[in-house]
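Examining the three-dimensional arrangement
Below, each chain spelled out in residue letters.
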Amino acid sequence: MEVQFTREVAQLRLGNGDHFHGEGILAITKALLQSGVAYVGGYQGAPVSHLLDVMVQAKPYLDELGVHVQACSNEASAAAMLGASIHYPLRGAVTWKSIVGTNVASDALSNLSSPGVTGGALIVVGEDYGEGASVIQERTHAFALKSSMILLDPRPDLARMVAMVEHGFALSEASNMPAILELRIRACHVHGTFDCKDNVAPSLSALARQEEPAPFDYMRLAHPPVTFQHEKLKTEERIPAARRYIAAHRLNEVFAGTHHDLGIIVQGGLYNALVRALQSFDLADAFGGTEIPIYVLNVAYPLVPEEVIAFCTGKRGVLTLEEGQPEYIEQELATLLRRRDIQTPLHGKGWLPSGGEYTVEIIANGLAIFLEHYLPQLPIDGGRQWLQGNRTRREAVALHLGGPLPPRPPGFCIGCPERPVFSAIKLAQQQVGRVHIAADIGCHSFASFEPFCIGHSILGYGMSLASTAGVSPMMARRTMAVVGDGGFWHNGIVTGVQSALFNGDDVVLLILKNGYTAATGTQDIISTPDEQIKADAVDKQQSLLHRNTTIEKTLQGLGVQWLRTVDSYGVDLMRDTLVEAFTTDFAGLKVIIAEGECQLERQRRIRPWLAGQLTKGARVVRTRYGVDEDVCNGDHACIRLSGCPTLTIKDNPDPLRVDPVATVIDGCVGCGLCGANAHAASLCPSFYKAEVVQNPKWHEKFLAGVRGAALRFLQPA
């Protein structure tokens with residue numbers, strides 16, 4: 001890891017009497033140590049990446065406590081770590097991005113939930129849902145239901161979130177059920193404070209080892225016939241035990257209000273948005289005081305029937321706020337009430353959207369219907385005006401711009417080594433024709449946007465090659481799969497490469513080797529250049545990936561016979577290699593490795609080195625590219641083939657020409673793609689390369705003076 005979390009790591013040492021201030025996900029990280037966690041694992045992914053990143057960088061301190069930390073190759077391996085808590089009183093925590101991460105981990109989770117756990121097992125998932133999501137729109141709730149796992153959904157307040165981590169471990173131990181703590185994007189990044197406690201060193205740890213393994217117990221295996229008994233234990237012992245703990249410790253919260261005959265039941269993660277929506281109708285204050293009673297489900301599963309009945313009995317109407325579909329909570333609430341013959345009207349998806357994120361505005365719209373139905377005498381004009389004001393502002397912006405704000409899809413970073421690869425793919429298809437391309441999860445999925453529009457399917461992280469198995473035999477031309485090195489190690493090597501070799505698939509696999517799992521925060525992987533390689537590099541500006549050939553050796557060891565490694569920025573060579581792969585007589589798996597270091601990591605590495613060189617007075621050369629506006633004809637084929645944010649347009653300086661010209665703006669990192677595209681595609685010769693020299697030698701200064709004098713002499717007065 002090049003990103004440093006020095007301040008965050010220091011906060012992990014805070015103890016009793018200290019005050020923590022920071023983001024929600026970092027508060028969760030501190031809470032794990034306060035809870036006596038013995039081992040932590042996981043796979044990175046927004047919005048919970050920082051938990052594992054900070055733990056990895058805090059390893060020296062965690063070694064002092066005896067806490068084991070492991071960065072796992074995927075979510076399944078992380079979930080399997082929790083097996084340590086089946087037999088032993090070890091508190092373990094793992095983390096990943098949901099819901100796709102939970103999909104990957106589901107096999108291990110099912111086999112963990114069946115026998116149950118002895119030590120507390122906590123799974124921290126980033127509930128990546130709604131407008132800010134980068135995954136499919138599904139929920140973790142279904143996994144909790146099907147496998148009988150506790151689902152914690154804490155109110156986005158740091159003190160409450162920390163308390164739910166501590167209770168989560170205890171609740172897991174009291175019920176022998178694994179617990180899931182789901183954190184929405186806003187909960188992960190909400191800022192606040194809480195009073196710290198001393199960290200607790202686990203009683204059984206790397207510093208205090210277990211002398212003998214646990215005795216064999218067939219009941220601890222997820223294997224028939226004992227799995228039939230496990231199912232009975234879930235319903236007859238574990239869930240009732242969980243409900244008793246939830247009720248005894250009041251994990252769910254009730255906020256009283258003046259309108260006692262009404263109520264709102266809300267998922268904990270939506271509480272802040274609900275209060276803000278109530279404020280728009282003058283029914284709540286900034287401190288959470290409310291006029292309508294609120295029942296906050298900090299534990300979304302299992303529900304506690306006695307609490308639900310006590311809250312709903314005697315009310316004229318109750319509104320349920322449950323994000324996403326199906327409405328698991330609303331259905332269970334209705335079942336609990338009707339079985340007790342309690343006829344309190346229950347409203348939810350009938351007045352609120354079935355899918356999508358419940359923003360403040362969405363909740364306010366549902367509240368307006370609820371209030372008009374049950375409190376028609378209540379003046380809610382202020383809330384209506386607030387909602388209308390939001391719509392009016394959007395309409396005013398659209399009117400001013402002549403239309404709605406255009407969508408701004410994400411894209412590659414400036415100088416990204418993956419952009420030239422997709423330029424080469426477009427050029428290659430001009431020669432061989434259009435081919436079916438299976439895309440994958442990662443930075444490279446940005447190629448599905450303009451100007452490339454490349455990728456027919458995305459079926460799972462590292463599964464692009466596997467997804468060609470059905471379509472490849474049906475195509476007249478060879479198909480291609482694109483995967484990053486992160487996806488290759490996560491899943492691609494097993495589901496894709498191994499299967500393609502075993503079945504003799506005649507396909508092309510393009511591996512984008514940028515050295516990191518870049519899309520999740522540039523975490524290290526097995527093919528990342530190690531610190532010794534970085535330290536030994538004489539010229540820090542050169543890519544160091546060629547010093548790590550783990551991917552190449554792995555492929556050769558598996559039996560890949562057709563293998564090429566190509567510099568990502570060499571567009572013409574990459575195009576020729578792709579054409580060769582599509583047209584060669586070799587029938588079998590053909591692998592092209594596009595090697596180019598992640599530009600973000602490269603800049604983080606070279607900027608301090610360059611600053612050090614300048615401080616020492618050493619000669620430093622920086623490369624920049626530009627466009628000769630007198631030569632540019634305004635065709636803009638270069639932009640359609642690149643999509644680089646620093647390659648844009650400006651008004652033509654020639655008053656007789658109306659077409660804008662291309663230009664390279666500040667921010668260019670000198671990757672050379674624009675020039676490489678111009679050469680490979682035989683575009684206009686308007687691009688030029690410039691070298692910015694700092695601390696030049698004496699003869700360079702002399703030559704620069706002579707050239708400047710000559711230019712001034714040739715210029716008209």
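Here's a quick rundown of the structure. (Residues numbered from 1 in each chain as written. Predicted model: local features only at pLDDT ≥ 70, side-chain atom pairs only at ≥ 80, totals over all residues. Heavy atoms only, no water.)

A tally of helices and strands in the protein yields 25 helices and 25 strands. Over its C-alpha trace the protein gives a radius of gyration of 30 Å, about what one expects of a compact globule, namely 27 Å for 717 residues. The dimensions of the protein, computed from C-alpha atoms along their principal axes, are 95 × 70 × 60 Å. A total of 717 residues make up the protein; the buried ones form 54% of that total. Pairs at least 24 apart in sequence give 78% of the contacts found in the protein among residues at least 6 apart. When the accessible surface of the protein is totalled, it reaches about 32,000 Å², and 55% of it is carbon and sulfur. Between the averaged position of the 62 positive side-chain charges in the protein and that of its 74 negative side-chain charges there is a distance of 3 Å. (Helix = DSSP H or I, 4+ residues; strand = E, 2+ residues; numbered from the N terminus. Rg over C-alpha atoms; globule rule 2.2 N^0.38 Å. Buried < 20%, exposed > 50% of the residue type's maximum accessible area, 1.4 Å probe, protein only. Contact = heavy atoms within 4.5 Å. Areas by Shrake-Rupley, 256 points an atom, 1.4 Å probe, with all protein chains shown as cover. Lys, Arg positive; Asp, Glu negative; His and termini not counted. Charge placed at Lys NZ, Arg CZ, Asp CG, Glu CD.)

Moving on: the environment of Leu333. Summarising the element assignment, Leu333 is placed in helix α14 (residues 328-339). Residues Leu333 and Glu629, 296 residues apart in the sequence, show an inter-C-alpha distance of 68 Å. Not counting the four nearest positions on each side in its chain, Leu333 is found in contact with Ile265, Leu303, Val308, Thr320 and Leu346.

With that out of the way, let us pick up the pairing of strand β21 (residues 590-595). Counting buried residues in β21 gives six out of six residues, a clear majority hidden from the surface. Of the two faces of β21, the one holding Lys590, Ile592 and Ala594 and the one holding Val591, Ile593 and Glu595 are both buried throughout. Strand direction decides the pairing type here: strand β17 (residues 508-513) and β21, joined by six bridges, are parallel. Looking across to β21, one finds that Leu512 is bridged to Ala594. With six bridges connecting them, strand β20 (residues 562-567) and β21 associate as parallel partners. (Pairing = 2+ DSSP bridges.)

All told, the structure shown has 26 salt bridges when counted by the stated rule. With a shortest N-O distance of 3.2 Å, Lys197 and Glu166 are connected by a salt bridge. Note that Lys197 is positioned in the loop between β8 (191-195) and α11 (226-248) and Glu166 in helix α9 (residues 158-175), a separation of 31 residues in sequence. Note on Lys197: relative accessible area 43%, which makes it partly exposed. With a relative accessible area of 18%, Glu166 lands in the buried category. (Salt bridge = Lys/Arg side-chain N within 4 Å of Asp/Glu carboxyl O.)

Moving on, we get to the pairing of strand β7 (residues 179-184). Extensive coverage of β7 is indicated by the burial of six of its six residues. Both faces of β7 are covered, namely the face carrying Ala179, Leu181 and Leu183 and the face carrying Ile180, Glu182 and Arg184. The pairing of strand β5 (residues 121-127) with β7 spans six bridges and is classified as parallel. Considered in β7, the bridge of Leu122 is made with Ala179.

Our focus in this paragraph is unusual backbone geometry. Omega for the peptide link from Ser98 to Ile99 comes to 10°, which places this bond in the cis form. Looking along the chain, the bond that leaves Tyr301 and enters Pro302 is cis, with omega of 0°. Along the polypeptide, Pro302 turns up in the loop between β12 (299-301) and α13 (305-312). Phi at Asp282 takes a positive value of approximately 60°, unusual for a residue other than glycine.

This part covers the packing of helix α18 (residues 485-503) against helix α20 (residues 550-558). A pair of packed helices is characterised by two quantities: the angle between their axes and the separation of those axes. Relative orientation of the contacting elements α18 and α20 amounts to 15°, with a least axis distance of 11 Å. Considering their axes alone, α18 and α20 lie roughly parallel with respect to each other. For the pair α18 and α20, the sense of crossing is right-handed. Here Asp485, Phe488, Trp489, Ile493, Val497 and Leu501 of α18 come into contact with α20, specifically with Thr550, Ile551, Thr554, Leu555 and Leu558. Of the residues assigned to the contact of α18 with α20, the class counts are eight nonpolar, two polar and one charged. (Axes fitted to C-alpha atoms, helices over the stretch in contact; angles between N-to-C directions. Parallel < 35°, antiparallel > 145°, perpendicular 65-115°, else oblique. Left-handed = near helix turned anticlockwise from the far one by under 90°. Nonpolar A, V, L, I, M, F, W, Y, C, P; charged D, E, K, R; others polar.)

Moving on to the sheet that holds β7. Ordered by their spatial adjacency, seven strands build an open sheet running β3-β2-β4-β5-β7-β6-β12, and the pairing between neighbours is mixed. Bordering the open sheet on either side are β3 (68-71) and β12, each of which pairs with just one other strand. With direction set aside, neighbouring strand axes in the sheet form an average angle of 20°. Bridge analysis of strand β2 (residues 39-42) against β3 gives four bridges, and the strand direction is parallel. Pairing of Tyr39 across the sheet is with His68, part of β3. Each of β4 (92-98) and β5 touches helix α7 (residues 100-113); the most contacted strand, β4, lies at about 140° to it.

Time to look at the sheet that holds strand β16 (residues 480-484). If you trace the five strands from one edge of the open sheet to the other, you get β15-β16-β17-β21-β20, paired in parallel fashion. One side of each edge strand has no neighbouring strand; the edge strands of this open sheet are β15 (437-438) and β20. The strands touched by α18 within the sheet are β16 and β17, with β16 carrying the most contacts at an inclination of about 140°. Sheet contacts for α20: β17, β20 and β21; angle to β21, the most-contacted strand, approximately 175°.

This paragraph deals with the environment of Ala424. Of note, Ala424 is situated in helix α17 (residues 419-432). In this structure the C-alpha to C-alpha distance between Ala424 and Gln70, which are 354 residues apart in sequence, comes to 38 Å. Among residues more than four places away in sequence, those in contact with Ala424 are Val571, Met574, Arg575 and Leu578.

Turning to a nonpolar patch on the surface, a few remarks are in order. A contiguous nonpolar surface patch, about 480 Å² in accessible area, is contributed by Trp698, Phe702, Leu703 and Val706. Topologically, Val706 is positioned in helix α25 (residues 698-714). (Patch = residues over 30% accessible without salt bridge, like charges linked within 9 Å, V, L, I, M, F, W, Y side chains within 5 Å.)

Let us look at the packing of helix α21 (residues 571-583) against helix α24 (residues 673-680). For the pair α21 and α24, the least separation of the axes is 8 Å and the interaxial angle reads 55°. With respect to their mutual orientation, α21 and α24 come out oblique. Between α21, through Val571, Asp572 and Arg575, and α24, the contact on the second element is made entirely by Leu673, Ala676, Asn677, His679 and Ala680. When the residues that make up the contact of α21 with α24 are grouped by side-chain class, the tally is four nonpolar, two polar and two charged.

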